[in-house]
Amino acid sequence: MKHLLSIGDLDRAGIERICDRAAAFESVGGQDIKKVPALRGRTVLNLFYESSTRTRSSFELAAKRLSADVVNFVASGSSVEKGESLKDTVLTLSAHRPDVIVIRCPWAGGPELLPRWTDAAIINAGDGKHEHPTQALLDVYTLRRRLGNLDGVKIWIVGDVLHSRVARSGIVAFQQMGASVTLAGPPTLMPREAESLGVEVRTTLDGLREADVVYALRMQHERMDDAFVPSLREYASVYQVNARRLGARQLLMHPGPVNRGVELSGDVVDSPQSLILEQVAAGVVVRMAVLYEVLAASRSGDPITEPQPA
Ligand code: NCD
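Residues numbered from 1 in each chain as written. Predicted model: local features only at pLDDT ≥ 70, side-chain atom pairs only at ≥ 80, totals over all residues. Heavy atoms only, no water.

Focus: the overall build of the protein
Tallying secondary structure elements over the protein gives 9 helices and 9 strands in all. Against the compact-globule benchmark of 19 Å for 310 residues, the protein has a radius of gyration of 19 Å, which places it among compact chains. Dimensions along the principal axes, computed over C-alpha positions, put the protein at roughly 55 × 50 × 35 Å. Of all 310 residues assigned to the protein, the portion counted as buried reaches 55%. A sequence separation of at least 24 residues applies to 73% of the contacts in the protein between residues at least 6 apart. The distance from the centre of the 36 positive side-chain charges to the centre of the 37 negative ones in the protein is 3 Å. (Helix = DSSP H or I, 4+ residues; strand = E, 2+ residues; numbered from the N terminus. Rg over C-alpha atoms; globule rule 2.2 N^0.38 Å. Buried < 20%, exposed > 50% of the residue type's maximum accessible area, 1.4 Å probe, protein only. Contact = heavy atoms within 4.5 Å. Lys, Arg positive; Asp, Glu negative; His and termini not counted. Charge placed at Lys NZ, Arg CZ, Asp CG, Glu CD.)

Quick notes on the domain arrangement of the protein
The domain boundaries assigned to the protein delineate domain 1 (7-131 + 282-300) and domain 2 (133-278). Here the C-alpha centroids of domain 1 and domain 2 sit 25 Å apart. With 31 residues of domain 1 in contact, the opposing surface of domain 2 contributes 28 residues. For the pairing of domain 1 and domain 2, the buried interface totals around 2400 Å² over both sides, and the portion due to carbon and sulfur atoms is 59%. Considering only the surface of domain 1 that becomes buried against domain 2, Ile7, Arg12 and Lys129 emerge as the three largest contributors, covering 28% of it. Where domain 1 meets domain 2, there are 4 salt bridges. (Domains from an automatic or database assignment. Buried area = accessible area lost by both parts, 1.4 Å probe. Salt bridge = Lys/Arg side-chain N within 4 Å of Asp/Glu carboxyl O.)

Observations concerning the nonpolar core
The biggest cluster of nonpolar side chains holds 64 residues, and the ones touching the most others in it are Ile155, Ile157 and Phe174. Among the elements that make up this core, the one with the highest residue count is helix α9 (residues 276-298) (11 residues). The residues that make up this core include at least three from each of domain 1 (7-131 + 282-300) and domain 2 (133-278). What Ile155 contacts, discounting residues up to four positions off in sequence, is Leu143, Leu150, Phe174, Ala179, Ser180, Val181, Thr182, Val213 and Tyr215. (Core = buried A, V, L, I, M, F, W, Y, C linked by side-chain atoms within 4.5 Å.)

Digging into the site of the ligand
The full set of residues close to the ligand is Thr55, Arg104, His132, Gln135, Arg165, Val166, Arg218, Gln220, Pro255, Gly256 and Pro257. With respect to the ligand, the side chain of His132 contributes an N or O atom lying 2.8 Å from an oxygen atom. At 3.3 Å, a side-chain N or O of Gln135 approaches a nitrogen atom of the ligand. Relative to its unbound accessible area of 310 Å², the ligand is 93% covered by the protein chains. (Near = heavy atom within 4 Å. Polar contact = N/O pair within 3.5 Å; in protein donor to acceptor, adjacent residues only side chain to side chain. Areas by Shrake-Rupley, 256 points an atom, 1.4 Å probe, with all protein chains shown as cover.)

What to know about unusual backbone geometry
For the bond from Gly256 to Pro257, the omega torsion is -5°, close enough to zero to count as cis. Within the secondary structure, Pro257 is located in the loop between β9 (251-253) and α8 (266-269). In this structure, Ser67 is a non-glycine residue whose phi angle is positive, near 70°. The residue Ser67 is located in the loop between α2 (54-65) and β2 (69-74) in this model. A relative accessible area of 18% places Ser67 in the buried class. Positive phi values are uncommon outside glycine, yet Arg97 reaches one of about 55°. Note that Arg97 resides in the loop between α3 (86-94) and β3 (100-105).

Side note on the pattern of salt bridges
As enumerated under the stated definition, the model contains 13 salt bridges in all. Linking Glu193 and Arg168 is a salt bridge whose minimum nitrogen-to-oxygen distance equals 3.3 Å. Here Glu193 is found in the loop between β6 (180-184) and β7 (200-202), whereas its partner Arg168 is found in helix α6 (residues 165-176), with 25 residues between them in sequence. Assessed through its relative accessible area of 37%, Glu193 is described here as partly exposed. Residue classification places Arg168 among the partly exposed residues on the basis of a relative accessible area of 21%.

Some words on α3
Every buried residue belonging to α3 is among Leu86, Thr89, Val90, Leu93 and Ser94, and all of these are buried. Buried residues in α3, looked at end-on, bunch into an arc of 125°, giving them a common side. Packing partners of the buried residues in α3 comprise β1 (43-48), β2, β3 and α4 (110-113). (Arc of directions from axis to C-beta.)

Okay, here's the thing in structure tokens:
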């Protein structure tokens, strides 16, 4: 795999290979010196045109734990504010000869343009409403750790599906791994193509107890230019996942950041059923595995040091 632009770049075997490698990297975080030399001398450029807490910090940590050199580029405070285009920014930064560019941007399809302008391997860290493949991988990884495998597991994705790149990549990855996916939320927040994705679509949370896993999504105000729900209070009264609606044996996930009191009540966020912090922790090892995968492919014949035992 030269690039990771879309979760569709990976088949089931590819997803499993990345999850297995991520598991092998778990021991690195437990060492006193949290580093292996796998990517020593390689340069990873993080190019972020949108805000990010989890994704950016975990890509940075992942690259550093593999001993790569990391350059972080955030659009504010850069020449982008002076009108430099994506193409010119990438051409300019490519003069530093990065081996990997990790890009998050508000433009669907933006990451696919980069291979025209640079030889670096490209990893999509979220492009508009389109895709977020590394989030899908870390979600699969988190569930495999908890459940062993996803075959036959029932996953309900609840909330603002329309604006969610997390859902778009997650649906594909969960289905690849054998899970069945149900989407639930207000009709105004369901993508028109939902029925063609091989999922079930519900407009209420009746039946939520059938789910093994409830995956809640953030209400994405920043991507809404119209009123999609009458008010957040009314939304919460019908669609909030809370202790009344969530059964005791159900697992709860959310990509973060959570709007407490909107899509989730505070008590379920903090409950033992919540995998939210495990998802964040998984982000580091899964992104280590993805960086390793794209760099191993771009330099085939040049074996990279395997992770060392602690
Ligand atoms: C998500 C994103 O930015 O796509 N967050 C993340 O990467 N963990 C989801 C969101 O913003 O709601």
